[in-house]
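# Structural overview
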Amino acid sequence: MNVFSDYLAQMDEPSQRARTSEVLDWVGQTFPALERRIAWNQPMFTDHGTFIVGFSTARHHLAVAPEAAAIAHFSGQIKQTGYEHTKLLIRIPWRADVDFSLLGKIIGFNIADKADCATFWRKQAKPGAAASSQG
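Quantities reported herein were computed from a predicted structural model and do not represent experimental measurements. Per chain, the residues get numbers from 1 upward, laid out in the order the sequence is written. Local features in this predicted model are restricted to residues of pLDDT 70 or higher, and side-chain atom pairs are both shown and tallied only at a pLDDT of 80 or more, whereas totals for entire chains, interfaces and linings draw on every residue. Just so you know, side-chain values use all the structure's heavy atoms and leave hydrogens and water out.

Here we come to empty space enclosed by the protein. Using only the protein atoms, space was sampled on a 1 Å grid; points where a 1.4 Å probe fits but cannot get out form cavities, open sets with protein on both sides within 12 Å along at least five of seven lines form pockets, and lining residues are those with an atom within 4 Å of a point. Grid points are joined across faces, edges and corners, and a volume is the space filled by probe spheres set on the points. Enumeration over the complete set of coordinates arrives at one cavity of 30 Å³ or more. Taken as a whole, the largest cavity encloses approximately 70 Å³ of empty space. For the largest cavity, the full set of lining residues is Val 64, Tyr 83, Ile 90, Ile 92, Val 98, Asp 99, Leu 102, Leu 103 and Ile 106. Only β6 (90-93) and α4 (100-113) provide two or more residues apiece to the lining of the largest cavity. Each helix is a run of DSSP H or I of at least 4 residues and each strand a run of E of at least 2, with the numbering of both proceeding from the N terminus. Per-element tally for the lining of the largest cavity: the top contributor is α4, with three residues. Among the residues making up the lining of the largest cavity, the classes are represented as eight nonpolar, no polar and one charged. All amino acids are sorted into three groups, where Ala, Val, Leu, Ile, Met, Phe, Trp, Tyr, Cys and Pro are nonpolar, Asp, Glu, Lys and Arg are charged, and the leftover types, Gly among them, are polar.

See the structure below:
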């Protein structure tokens, strides 16, 4: 996990550093084909040059950023875990357990959904355009 060593080393709170390391290690072990990188001072995983998931830390939570399409697709399941979310990130409180099953589903969704994506981010739908079904 050398790519993330400097990021983790700058974290002051040992329990938050351990939790973040655990999550990053799990993603790397569960999805070994994903590329690890730091961009925008955040650890993230990419696949064939396209963004799959990123992480950041805040005082009260670990933020998971899988892009809006994945959050919209799993919104109900995210709420069932008790996590809060916005259009662009999921907040996992430091005191809460990480739902690795849900995290794996979200990452798997992005890998499959972006298999033919040639850009780093998904193309945003134009205002007024019909939303595509993501099933």
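Read on for the rest.
For this analysis, a salt bridge means a side-chain nitrogen from Lys or Arg found within 4 Å of a carboxyl oxygen belonging to Asp or Glu. By the definition in use, this model includes five salt bridges. For Glu 22, the salt bridge identified is with Arg 19, shortest N-O distance 3.7 Å. In this pair, Glu 22 and Arg 19 both sit in helix α2 (residues 14-30), three residues apart, roughly one turn of the helix. Categorising residues by exposure relies on relative accessible area from a 1.4 Å probe, with only protein chains included: less than 20% of the type maximum marks a residue as buried, more than 50% marks it as exposed, and the intermediate range marks it as partly exposed. Looking at Glu 22, the relative accessible area reads 40%, which means it is partly exposed. Of the charged contacts in the structure, one is a salt bridge between Arg 122 and Asp 113, with a shortest N-O distance of 2.9 Å. According to the relative accessible area criterion, Arg 122 is buried, its value standing at 13%. Look at Asp 113 and you get partly exposed, because its relative accessible area is 34%. When salt bridges with common partners are traced through the structure, they connect Glu 67, Asp 113, Lys 114 and Arg 122 into a single cluster.

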